[in-house]
Each structure stands twice: as structure tokens, then as C-alpha cells.
Amino acid sequence: MKVNTAAAFILAGVALALFLKAGSGVWKPTISKVCAGLVTFVGLLTLLEYLLGWDLFIDQILFKEPAGAVDTFSLGRMAPNTAMNFLLLGSALLLLHSETRHACSISQLLALIVGLVAWLPIFGYLYQMKPMAGFGPYTLMAFHTALTFVFLSIGVFMARADRAFASVIAGQHWGSVMARQVLPAALILPPVLGWFRLEGQRAGWFGVEMGLALMTVIHCVLLVALIFWSAWSLNRGDADRQRARDVLLESEERYRSLVEASSQIVWTTNAQGQVVRPVPAWQDITGQKDDEVMGSGWSEALHPEDKKRVLDSWSEAVKAKSHYEVEFRARRRDGVYRSFQARGVPVLTSDGEIREWVGTCSDITERKEAENEIRTLHGKLQQRIVELGSINKELEAFSYSVSHDLRAPLRSIDGFSQALLEDCEEKLDATGKSHLHRVRSATRHMGQLIDDLLNLARLSRVEMGRERVDLSALAAGIAAELQKAGPERPAEFILAEGLTELGDARLLKIVLENLLGNAWKFTAKCPRARVEFGALETAGSETVYYVRDNGAGFNMAYASKLFGAFQRLHSSDEFPGTGIGLATVQQIIRRHGGRTWAEGEVGKGATFYFTLGATYE
Amino acid sequence: MNNQTILLVEDNPDDEALTLRALKKNHIANEVVVVRDGVEALDYLFCAGAYSARDPHAIPQLILLDLKLPKIDGIEVLRRLRADPRTQMVPVVILTSSREDRDVVQSYTLGANSYICKPVDFNQFTESVRTLGLYWLVLNVPPPSLAER
């Protein structure tokens, strides 16, 4: 090749390399463009020399060519087709830098032309037909020049492999993959066949017509084979794709149906938070049409007081790319405002950018109403508690004054009756004394009644504790005390072991004291008293406790009166007592959420039952 | 030297009569001074008002204090007499009909020595007074008077 050719090739190579390696700097593209420009210039000038017959003294500018060089028209001057190729190549390289619409396509086209122009000489050399490498008397394009042109043209063609024609070859889709597989065959097989024909003809194996016919037939066969192979390959790929699409469609159908089946409103917006697809469930409720709901139009259905707040939190969420949750009222198509809760989450692409927003909107009117109701009821409850608190305080004050003020006159009555008995002994006869005794006994009784009543009242005010109480232990303690108080009485206590319950320890002690105390009292006249405490086997979940004695018993006809305050079924002479014991027991058991009842038979004994509820105040 | 006076603070005339009767029955011979309300009690103790002529050093040996009193009630009397060094150490027995926890706690907090509930039964009451007198007037060592300290 000529010197200028070599130099131009170097410049073109540099230009291409710098274009491909271009980073953010500005000097690489600049130098690349300068080089490309020089290449173009050289080509242009040389062409002009040929076309216009001028000598522009550029041919021997670098080195002088020795005379007698082979295949040369003018000393040092490159072949005309070489020059034209440089002109086109340089332009293609320059156009690579351009971003305008068709620059890339033109650049790639030019590169193709360069390649084609150089293709011919290659054939010429291959088929030993030199004249193909040039025209007329002019210098021929050298073989290595043509080869270099081909390489460069491929390089420039693929320089922007993502655009224009090159993308068809270089792409990811099936077509490109197929092209890459088929192209070598398309470029190599025909020349090889041609070479066979030429050589065959030269060797005399067959004549022109025969050679032509053979080549044509083989060409047809090759083309058809290629077509079959492409079709088969594409079919397979397409079948795979179709299958994948079907699976995806199924999944999409499923989720679409799911969304439709759920009564929730499901909405989507684009990455900027604008509604772009209609929301049928929402539109159904609010009566908005498709175009009314787009963008931010959906917010028109919101309550005017909530609208700004909702739009603000929505834009906040979109900006912050965070979870969105808000409650608001919206107008239904019949004009009634319902409460809704909307929630949204962003959908991210594989690079972490937001592709769209998806969310739901639920009607929470019932829930809000329930919440309001609860709040109101709670308020009322608080009021009641306060009221009850003050009532309790009043009761306390009442019993306080009772304990003072009612007792004092009683003391006077009793005291002065005694004084009367002592001081006026001689003046009183037996009747008088007996009257005074009765007076005194009545006052004492009244004092006892007052104490019992106060105790009963106090019980209802007391705060109930809740702990595991060992009833058996309590019963045992009480039994021991009773026995100690009356050691002369032979009594048998049969107490069940291991009975525990949840309740207030103090109050349950009072219950057992009363029941066991009663049993003790009413067996006083029994020769062999027997008192039992235990639990019944019941089918249900609650345990029934009982205290049984074999004492005086009672008539079942009066069973309903047993637990009334101050109700007695015996006179005080027979058995002492104010009749408040069982009322107290019932009060305590009731507070535990349980029940009391009794069975008895006159002269045989009585059994008192009680249960303790699982839950109590 | 303490005189052996017992100060009885009681507004109810019946209770007063019965208490005095009980004391007499038990042969408790100390002089008993009766005051009818809180103001009188404090006047007596600090020699003010109607009792200005009293000897301030003559502090009673025992004070029987009822809680429900007109004008100034027993609790307030207790508080004031415990606040004054002259009467700080005098044995005070609360003799009242109330059994309320509140009263018991308050009395002890303010420095009462003992708390007795007046029973309705007069015999029991007499018995209580006997025990009371025996304990506080005979058994118990009285605190020295201010002059002696």
C-alpha cells in the first residue's frame, strides 16, 4: 500500500479507538474527530487529483516512492477506489459522533459501502482476477488494503451497536441471535461456491453453462436449508415464549379475579402518583366516570374538610417513596359520606426505581361508628364510675355516723337500766327486775344488729381481691377454732383436702366462718355433731361446694327465706343469732359471681351449697 | 408532782354519768374533771378561758378523750395537746363508740396511747373502765411533769 494509505489507516484506527474509549472528557472525541477529518481530507484530495487531473503534492508528502513501483499510476498516489473509501470512511467516523436522528444510520451505511467496495478486490485476488481490484489504468487497491478496509468497516459499523442497522445484528432478540449464526454462512458459502465453480471450470471439469447450473442449484439448496433451519429455530423459541406467556396470563387472570372477588377497592397510579387507569370499584361507589377519576380527579369525591389533608399526605408519600396510609370521608353516589381507609405501597423495578403505586381502599364506616360508640359508652362508663364513687363515699359517711350516733343512746339505755337495777334494788319487785332485764337484753341485741348491718354494708364497699384461696386450709382453721371454743362438745369435722378457688381470701373466710359457725351452732344439741365441708362432683365446669351438718335442720318450705337479712327460722332462745350470717354469705358469693342454695330436713340436718363464678367483678 | 386528776372529755351527759358511775363502782377515787367539748378541754389543759386561774403545772394524770365532740373534735384536741411540750406526754386514752379504721389510725398516728371502744353493754363497760383505771392509774408509770424534766 502507499504511504498515505498506511497513514490514513493509522488515523482512522486512532479515530475509531478514541471514539470507543470516550469517557466524560472532551479531548478524546475532539482528537477522534480531528483524525477522522484528516482521513476524509486525504481521501477527498486524492480523488480530486484523479478527477481533475491536478497534482496537489500530497502523494509524496511523507516519503518518496522509488520509481518503477508496481501497479502504480502516479508515484505515491493511492488507488482511486482507496481514496473514495477513505472519503466515505472518514465521513462515517465523523458521523459517529453526531447524535442527530439519522447520523447513525448514515454512518453505518457508509461503513457498509466501504466494506463492499473493498470486498470486490478481495474476490479479485482470490479468484486471481487482478483487474477487479481497480479500474482502468489506475493504481489497484492492494490486497492488504482491501482487507484492512473490511476490518475497519466492520469496526465502524459495530461502533454504535445499539442503534440503527447494527442493532439488528448485535441485539438480544432471536432475530439478532439468528442473524449472528447465519451471517457467516451467508458471507462465506457463496464465495466458496464461486471459487469452486471457477476452479472447476478452469480445470475443465465442466463448461460455463454446467458450472452456472450447478452453482445455482447448490445456492438454492443452501438457501432452502437455511430457511428451514431458521424456521425451526424460530418456531421453537416462539413456542417457549408462548408457553411462558400463557403461564403469565393465567397468573394475571387469577390475581385479577382475586381483586374483583374481594370487596376492596384496588387502585394503581403511575410513579408520580397520578391515576392513569380507571378504578371501577371506586367509581362504582362514588359515581365518578373514567375521565373524572384520572390524575387527582378521584379526590373530588372526598369530604371538603379531608381533601387537602389527604392530597398532602399522598404527595408526601410519593415524594418520600414511603408507605401511604390515611383515613378520610368520601361521598357515595347517593350523597351519603362514608369513611374509608386508603393504603398504598410503591412497586419497585429491578433497579430500585418506582414503577407504579398500588393500594387498597376499604370502607371503614362501620368500624368508625363502632369506635365512636365505644368512646361514648366509655365516657358514660367513666361518668357512672364517678357517680358510684361519690355514692360509695356517701355510704361510708353514713355508716360512720351510724357507728357513732346509733350506739350512744343504746349505751345510755343499757347503762341506766343497770343503774336502775343496782340503785333501786330494794324498790323493785321481781316483775320490775324482769322488765329491766328484757330492756337490757333488747339493747344488747340491737347493738349486735347494728354491728352486723355495718359489717354487711362494709362488705359491699370493699375492694375484692383475686387470688388462689385454699378453702380446705381456711375450713380447717375455722374448725379448729370452733372446737377450741367448745372443747366439751364432741364433734366430728370431715373436711375435704386440696380445694382451692380464685377469689378474695378475707371474704371467703367470712363465708366459711358463717357456714361452719352455723353448722356448729345448730348441732349444739346433737349428741354427736358431724360437720362436713367438701365439693360435689358435677358434670359442668363449675365446682359446687357444700357445708353439711346433722343438726337441727330446717323446713324446706321456708328455704326461700333462709338467705334474707335478719330472717330466722328459729327463736333466739333456741339458737342465738341475728339472722345476718347467711345474708352476708349470699352477698359475698354473689360478688364472686356464684350462687347459694340450701337443703334441709327438720331434725336431720342441713346442707348449704355455693358456687364461685369463674369471673366476677 | 402530778395531781391525780383524770380529765374526762365527753359531750354526752348520759355517757358522762355512766362513766363516772363505772369509775365509782371500781373505787377509783381520783378527782375527775369533766369538760364538754374540745374548746373547754384545751382551755383546761392550757389554763385559758374559764380556767385561767388554774395552776399550769397541774397536768392531769390521764385524759379520757371522746372523738365526737362539738366545736373542736377529739382528733384536733389530740393534735394540739401533743404539739405542746407541757402536754406532750400525758397518757391519752381514746374512749369512743366508733370502731372505724380511719379513727383508730388517725388517733394512733397523732399519738394516742390507747383506743377503747365503748361497749353497749354496761357491765362490759364497767369492766373496761376497771381495767383501764387499774392499768393507767396504778400500773403505768406516769411521765414526769415539765417542771421536773
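Here, every reference points to the structure presented above.
This text gives an overview of the structure that appears in the document. (Residues numbered from 1 in each chain as written. Chains lettered and ligands numbered in written order. Predicted model: local features only at pLDDT ≥ 70, side-chain atom pairs only at ≥ 80, totals over all residues. Heavy atoms only, no water.)

### Things to note about the pattern of salt bridges
Residues and elements named next belong to chain A. This is how the line gets drawn: Put simply, a salt bridge is a Lys or Arg side-chain nitrogen that is within 4 Å of an Asp or Glu carboxyl oxygen. Helix and strand labels come from DSSP, where a helix needs a run of H or I of at least four residues and a strand needs a run of E of at least two; each type is numbered from the N terminus. The cut-offs for exposure are 20% and 50% of the maximum accessible area for each residue type, with area from a 1.4 Å probe on protein chains only; residues under the lower value are buried, those over the upper are exposed, and the others partly exposed.
Taken as a whole and assessed by the stated rule, the structure comprises 43 salt bridges over all chains. The closest approach of N and O atoms between Arg-256 and Glu-252, which form a salt bridge, is 2.8 Å. Residue Arg-256 and its partner Glu-252 are located together in helix α8 (residues 208-261), separated by four residues, close to a single helical turn. Residue classification places Glu-252 among the partly exposed residues on the basis of a relative accessible area of 39%. Each of the salt bridges in this network shares a partner with another, and the network as a whole consists of Glu-305, Asp-306, Arg-309 and Arg-329.

### Some remarks on empty space enclosed by the protein
Residues and elements named next belong to chain A. Put simply, the rule reads: In this analysis the probe radius is 1.4 Å and the grid spacing 1 Å, with only protein atoms considered; a cavity is a set of points the probe fits into but cannot get out of, a pocket is an open set with protein on both sides within 12 Å along at least five of seven lines, and lining residues have an atom within 4 Å of a point. Grid points are joined across faces, edges and corners, and a volume is the space filled by probe spheres set on the points. Residues were grouped as follows: Ala, Val, Leu, Ile, Met, Phe, Trp, Tyr, Cys and Pro as nonpolar; Asp, Glu, Lys and Arg as charged; and all remaining residues, including Gly, as polar.
Going through the model one piece at a time under the given rule, you end up with four cavities of 30 Å³ or more. What the largest cavity holds in volume is close to 170 Å³. If you go around the largest cavity, the residues you meet are Ile-265, Trp-267, Thr-269, Val-275, Val-279, Trp-282, Trp-298, Trp-314, Tyr-324, Phe-328, Ala-342 and Cys-361. If you list the elements that add at least two residues to the lining of the largest cavity, you get β1 (265-270) and β2 (324-331). Of the residues forming the lining of the largest cavity, the biggest block, three residues, is contributed by β1. When its residues are assigned to classes, the lining of the largest cavity shows 11 nonpolar, one polar and no charged.

### Remarks on the interface of chain B and chain A
The test is simple: In this description, contact between two residues means that some pair of their heavy atoms is separated by no more than 4.5 Å. Between N or O atoms, a polar contact is any pair within 3.5 Å; within protein, one atom must be a potential hydrogen donor and the other a potential acceptor, and residues adjacent in sequence are included only when both atoms are from side chains.
Taken together, the contact pairs 20 residues of chain B with 22 residues of chain A. Counting the contacts that link chain B with chain A gives six salt bridges. Among the ionic pairs, Glu-422 of chain A bridges to Arg-21 of chain B, the shortest N-O distance being 2.8 Å. At the surface where chain B touches chain A, the tally comes to 13 residue pairs in polar contact (both at pLDDT 80 or more). Secondary-structure elements contributing two or more residues to the side of chain B that touches chain A are α1 (13-25), α4 (101-110) and α5 (122-139) of chain B. In terms of residue count, the dominant contributor to the side of chain B that touches chain A is α1 of chain B (six residues).

### Some words on helix α13 (residues 407-423) of chain A
The line we're drawing: One fewer than the residue count of a helix, multiplied by 1.5 Å, yields its expected span.
Between the first and last C-alpha of α13 of chain A there are 24 Å, a value that for 17 residues agrees with the 24 Å anticipated at 1.5 Å per step. When α13 of chain A is considered as a whole, its buried residues turn out to be Arg-407, Ala-408, Leu-410, Arg-411, Ser-412, Asp-414, Gly-415, Ser-417, Gln-418, Ala-419 and Leu-421 of chain A.

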